[in-house]
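An overview of the molecular structure
Chain by chain, the residues run as shown.
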Amino acid sequence: MRLPYYLILYFISFSLQSWAQEKGMKPIEDDIQNEKRLALVIGIKKYRNLPPLKNTLNDANDMARELSASGFEVILKEDLDKSMFNEALEKFGQKLKNNNVGLLYYSGHGIQYNGETYLIPTNAVIKDSSDVDANCIRLSDILEIMSKSHVEISLVISDACRNTPKFKNSATANNNFKIPGGFKRGYIAFATSINAPADDNQYGNNGAFTGELLKYISIPELSIGEIMQKTRNSLNLKFEQITGIYDQLGSDFYFKKRIVAIEPDTQSIPAGTEEIGTDATEEEDAYPAHIVDFTSFAMGKYEVTQSQFKLFVAETSYKTDAEKNGFSYVFHEDSIKVLRQNINWRNDERGELVGNDPQSAQKPVIHVSWNDANEYCKWLTEKAQLKGEIKVFRLPTESEWEYVAKVSANKGSKGVQSSDNKGYQDWHLENSGKKIHKVGEKIANKFQVYDINGNVSEWCSDWFGRYSSLRSSNPKGSEVGDYKVFRGGNWSDSIEYSQPFSRSYQLSTYTSYNLGFRVCYSK
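Quick look at the structure, then.

Criteria and cut-off values
- Residues numbered from 1 in each chain as written.
- Predicted model: local features only at pLDDT ≥ 70, side-chain atom pairs only at ≥ 80, totals over all residues.
- Heavy atoms only, no water.
- Helix = DSSP H or I, 4+ residues; strand = E, 2+ residues; numbered from the N terminus.
- Buried < 20%, exposed > 50% of the residue type's maximum accessible area, 1.4 Å probe, protein only.
- Contact = heavy atoms within 4.5 Å.
- Areas by Shrake-Rupley, 256 points an atom, 1.4 Å probe, with all protein chains shown as cover.
- Core = buried A, V, L, I, M, F, W, Y, C linked by side-chain atoms within 4.5 Å.
- Pairing = 2+ DSSP bridges.
- Axes fitted to C-alpha atoms, helices over the stretch in contact; angles between N-to-C directions.
- Expected span 1.5 Å × (residues − 1).
- Arc of directions from axis to C-beta.
- Phe/Tyr/Trp six-rings, centres within 6.5 Å; stacked < 30°, edge-to-face > 60°.
- Parallel < 35°, antiparallel > 145°, perpendicular 65-115°, else oblique.
- Left-handed = near helix turned anticlockwise from the far one by under 90°.
- Nonpolar A, V, L, I, M, F, W, Y, C, P; charged D, E, K, R; others polar.

For the rest of this paragraph, the subject is the overall build of the protein. Each helix and strand counted, the protein has eleven helices and 26 strands in total. Sorting the 523 residues of the protein into buried and exposed places 56% on the buried side. Long-range contacts, defined as pairs at least 24 residues apart, comprise 75% of the intrachain contacts of the protein with a sequence gap of at least 6. With the model as given, the accessible surface of the protein reaches about 22,300 Å², and the carbon-plus-sulfur share is 46%.

Written out as structure tokens, the structure is:
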């Protein structure tokens, strides 16, 4: 029987073959065809004879939301007694016959006894060994239902206590896990080993296993084996909990459509000449104005998104500067920045966890430093090279950035260039609602680049240094320095302060709620 504050989760997952391409991401290759997918998600919290559980319904609802977003038809059930449980399973088995892939997710109390794993309904009474079969649901019976439906792929994932109860006057039970003979082309992952509890995580909103699983299950490029390995590693590190795996798939399985490589969409920027900087005496950092000649290059159409950066971190296990430093700046309603601990790229502008929210996934990644952005560019370059492409991704120089930004600028009331004053192209404090927006919601500029001078400010490749008045070609800025440049207005600054020539700079480790980046490469 499971101990208080632990949860059991059984999740049968099936090949997820449809992935909706988000704006700003370019799939290089995919190899999964569409399949019909059905999921039954069951969460049980309120028990009549056992301790209640804290996070089981949160887990069930979060998994249901994730599966639905991934293309499953989801049936969600909560707090079932045994009769209701069996009825839901029967209907699930019947409906599975019209699907290629099926999924069962269970979150609640559970035990392991005589080689069987049992799921415990709300009305179960377990005082003696005879009560186990009489009052609980055998996992092997569920697997048999799946097998008889002839569904092509079945997977079981368990974030569960697997304790074996001790009954009076009963012999020691055999607790080896039995796999039904009819269970083929399937996968079972238990969140914990035999005779071990699974942590319900009293200090979070999800059980320990489910919380870690949700970080990886939505990443398109990860197979179920890779997802479970990453989940296993982080679970063991944080909770000292070891998963158990049974793999009978015979091939890779992906919750999302497999993407061999993903790179941001880029736009060809034509060669040209532009006046960079300004002769306005109050703009000392941007003085003097000077002529720059540009050869053609490619620039990201959109700022790099949270989802794109998430894939990079998942593949490389990269630790950002905010994670290593333990803090970043977040937005305060009085339009000031506040330094807060434990904030990193997984958080939004106010410090809330982004999680698997599909809307947030398409917003610019923030709380990333110049170093982080530079490492992301290196990763994209390696991806391109593996495909035989000669692309060296990098951050734009600040001159390149200003060249692109100035085609969207109008003359402001003070006679200097400002961002689009009516807000057609950029997000600023006056029109943003004090929040970051998804990339590409505004119209593009004449180079077909979006959000270049609004939404988030953007890191550039240059060290900060004083301008020369001499004409130059493709300048790269100072060779050495103390600070890295970032350019452009953002959602939390007034349009008045968002001049395309304005320069800002910070340490290469600096992170904040309104600072992101986009990529470039030379052609």
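What follows picks up the thread again.
To continue, consider the nonpolar core. Judged by nonpolar contacts, the single largest core of 58 residues is most densely connected at Ile224, Met228, Phe309, Tyr376, Trp459, Phe517 and Val519. When residues in this core are grouped by element, the largest group, seven residues, is from helix α10 (residues 370-386). In this structure valine 519 touches Pro264, Ala298, Met299, Gly300, Val304, Tyr376, Cys377, Leu380, Phe393 and Arg394, once residues within four positions along its chain are discounted. Among the nonpolar cores identified, the runner-up in size contains 34 residues, and Ile111, Ile120, Ile126 and Met146 belong to it.

The next thing to look at is the sheet that holds strand β23 (residues 484-487). The strands that make up a sheet pair up through hydrogen bonds in the backbone, lying either parallel or antiparallel. Overall, mixed pairing links the four strands, which are arranged β24-β23-β21-β25 in an open sheet. The sheet is open, and its two edges are formed by β24 (503-506) and β25 (515-516), each paired on a single side. Of the pairings in the sheet, the one linking strand β21 (residues 457-463) to β25 comprises two bridges and is parallel in character. Opposite glutamate 458, over in β25, you have glycine 516 as the bridge partner.

Spatially, the three strands line up as an open sheet ordered β13-β16-β26, and their pairing is antiparallel. At either end of the open sheet lies a strand with only one pairing partner, and these are β13 (266-269) and β26 (520-522). Ignoring which end each strand starts from, the neighbouring axes of this sheet average 20° apart. Here strand β16 (residues 297-300) runs beside β26; their pairing, made up of three bridges, is antiparallel.

So, on to helix α6 (residues 224-239). In this model α6 runs 21 Å from its N-terminal to its C-terminal C-alpha over 16 residues, within 8% of the 22 Å that 1.5 Å per residue would give. For α6, every residue scored as buried is listed here: Ile224, Ile227, Met228, Lys230, Thr231, Ser234 and Leu235. Looking straight down α6, one finds that the buried residues subtend no more than 165° of arc, so they occupy a single side. Tucked inside the fold, the buried residues of α6 contact β9 (154-158), β10 (186-190), α5 (208-216), β11 (244-247) and α7 (306-316). Two residues or fewer past α6, glutamate 240 is found with a positive phi of approximately 55°.

The step from tyrosine 287 to proline 288 runs through a cis peptide bond, and the omega angle for that step is 0°. With respect to the helices, strands and loops of the structure, proline 288 is situated in the loop between β14 (272-276) and β15 (290-294). Located in the positive-phi region is asparagine 195, a residue other than glycine, with phi close to 65°. Secondary-structure assignment places asparagine 195 in the loop between β10 and α5. Despite not being glycine, asparagine 201 shows a phi value in the positive range, around 60°. Mapped onto the fold, asparagine 201 is located in the loop between β10 and α5.

Looking now at the packing of aromatic side chains. Counted under the stated rule, the structure contains 23 aromatic pairs. Their ring planes at 5° and their centres at 4.4 Å tell us that phenylalanine 294 and tyrosine 403 sit as a pair that is stacked. Here tyrosine 403 lies in helix α11 (residues 398-405) and phenylalanine 294 lies in strand β15, a separation of 109 residues in the sequence. Considered together, phenylalanine 294 and tyrosine 403 belong to a single accessibility category, that of buried residues. Between tyrosine 376 and tryptophan 379 the ring centres are 5.7 Å apart and the planes differ by 45°, which places this aromatic pair in the tilted class. Of the two residues, tyrosine 376 and tryptophan 379 both sit in helix α10, three residues apart, roughly one turn of that helix. For tryptophan 379, a relative accessible area of 5% gives the class buried.

Attention now goes to the packing of helix α2 (residues 82-96) against helix α4 (residues 139-148). The axes of two packed helices give the description: the angle between them and the distance between them. The interhelical angle for the contact between α2 and α4, taken along N-to-C directions, is 25°, at an axis separation of 8 Å. Here α2 lies roughly parallel to α4, going by the angle between them. Judged by the twist between their axes, the crossing of α2 over α4 is right-handed. Taken together, the residues of α4 that come into contact with α2 (itself represented by Leu89, Phe92, Gly93 and Leu96) are Ile142, Ile145 and Met146. Counted by class, the contact of α2 with α4 contains six nonpolar, one polar and no charged residues.

These figures capture arrangement, not role.
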